[in-house]
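Here is how the chains run, residue by residue.
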Amino acid sequence: MSNAVPGVKHLIAVASGKGGVGKSTTTTNLAMALASTGARVGIVDADLYGPSQPRMLNLSGLPDTTGGKILEPMVGHGIQTMSIGFLVDEESPIIWRGPMITQALTRLVYETRWDNLDYLIVDMPPGTGDIHLTMAQKMPVSGAVIVTTPQDVALLDARKGLKMFVKVNVPVLGIIENMSTHICGKCGNEEHIFGEGGARKMAEEAGTELLGELPLDIRIRTGSDSGQPVLVTDPKGDLAAAYQAIASRIVRELEALETEKVTHGGSQIMPKIVME
Ligand code: ADP
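Residues numbered from 1 in each chain as written. Predicted model: local features only at pLDDT ≥ 70, side-chain atom pairs only at ≥ 80, totals over all residues. Heavy atoms only, no water.

1. Brief notes about unusual backbone geometry
Phi is positive for Asn58, which is not a glycine, with a value near 60°. Asn58 gets classed as partly exposed once you look at its relative accessible area, which sits at 49%. With phi around 60°, Asn169 is a residue other than glycine that occupies positive phi space. Structurally, Asn169 can be placed in the loop between helix H6 (152-167) and strand E9 (172-177). (Buried < 20%, exposed > 50% of the residue type's maximum accessible area, 1.4 Å probe, protein only. Helix = DSSP H or I, 4+ residues; strand = E, 2+ residues; numbered from the N terminus.)

2. Regarding the pairing of E9
Counting buried positions along E9 gives 6 out of 6 residues, so the element sits mostly inside the fold. Summarising the sheet, strand E8 (residues 141-148) and E9 pair through 5 bridges and their orientation is parallel. Counterpart to Val145 in the pairing with E9 is Gly174. Pairing of E9 with strand E12 (residues 210-213), which is carried by 3 bridges, proceeds in the parallel orientation. By the bridge assignment for E12, Ile176 is matched with Gly212. (Pairing = 2+ DSSP bridges.)

3. Section: the packing of helix H1 (residues 23-35) against helix H10 (residues 238-263)
The geometry of a pair of packed helices is captured by two quantities: the angle between their axes and the separation between those axes. The interhelical angle for the contact between H1 and H10, taken along N-to-C directions, is 75°, at an axis separation of 8 Å. With respect to each other, H1 and H10 are oriented roughly perpendicular. Residues Thr25, Thr26, Asn29, Leu30, Ala33 and Leu34 of H1 lie in contact with H10, whose contacting residues are Tyr243, Gln244, Ile246, Ala247, Ile250 and Val251. Its residues assigned to classes, the contact of H1 with H10 comprises 8 nonpolar, 4 polar and no charged. (Axes fitted to C-alpha atoms, helices over the stretch in contact; angles between N-to-C directions. Parallel < 35°, antiparallel > 145°, perpendicular 65-115°, else oblique. Contact = heavy atoms within 4.5 Å. Nonpolar A, V, L, I, M, F, W, Y, C, P; charged D, E, K, R; others polar.)

4. A look at the pattern of salt bridges
Throughout the structure, instances matching the rule amount to 15 salt bridges. Lys18 is the salt-bridge partner of Asp157, the closest N and O atoms lying 3.1 Å from each other. Placement of Asp157 in helix H6 and of Lys18 in the loop between strand E1 (8-16) and H1 is noted, with a sequence separation of 139 residues between them. Across the salt bridge formed by Glu72 and Arg113, the nearest N and O atoms sit 2.9 Å from each other. One end of the pair, Glu72, is in the loop between strand E4 (70-71) and strand E5 (74-76); the other, Arg113, is in the loop between helix H4 (98-110) and strand E7 (117-123), and 41 residues separate them in sequence. What emerges from the salt-bridge pattern is a single network uniting Lys18, Asp157 and Lys160. (Salt bridge = Lys/Arg side-chain N within 4 Å of Asp/Glu carboxyl O.)

5. Some remarks on the packing of H4 against helix H5 (residues 130-138)
Remark: H4 packs on H5, axes separated minimally by 10 Å, with the N-to-C direction vectors making an angle of 55°. Comparing their axes, H5 and H4 come out oblique. Considering the relative orientation of H4 and H5, their crossing is right-handed. Within the contact between the two elements, H4 uses Gly98, Ile101, Thr102, Leu105 and Tyr110 and H5 uses Asp130, Ile131, Thr134, Met135 and Lys138. (Left-handed = near helix turned anticlockwise from the far one by under 90°.)

The structure is reproduced here in structure tokens:
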């Protein structure tokens, strides 16, 4: 059974097949793009193996707890955030075993006092593992967004990630192609250094949307790594506009799903896991 998350209207998973494709960076900027439209937005950093949201949102320290149990989200650039990175030492590795993963993820999602959120975005770990299954089986995920780069290897893994969501009945809202082109910092020339059109083709094959393409741009890199995302440093710039366009497509896809649910008169279909 999946229980509603208190204080949250929509749970959106941001996933990738591979690590390093810019999933966390995209999550942070998308959260801020959604917030720039007046929505109330939070991020739960479900990448238990390599939490990055504290750094991306310039947050540190321990979250407050009420009565020793419920966690107060940390707020960075207006985004309510909870991450395992606040609760454990960044330098010490944790070895996660099956049941611990479910427990930790459930605590981060259900035992944080989310304050009236329109969207809670889940920054998933790369790949298709226990965390994905826990999310799909136990949590009311409204939809998943897949982030990929244009290289063939990344696309191959992204396709696997997409298929996993389909299999567990989590609606795929669409695909984002990150590092789609490279913009030369000196002359502004734009090049498809990793190949062209891969994510679009993948979206077409899977019957889903290409939500947008983001360039490989030094401003995105320095912004996210210094805790000052481009949505903060240049909220009216071209990159902010690109994230905002993707955010509004995600909202549109979610609305379309809601309408579909109402017209079919059913509540959310429970995900079933089919082993092959
Ligand atoms: P993932 O979450 O997929 O492991 P990250 O979001 O941590 O990936 O990104 C990996 C690195 O790539 C980070 O240093 C980040 O700043 C950088 N990066 C991500 N997206 C872009 C982009 N569009 N342009 C430039 N650098 C990027």
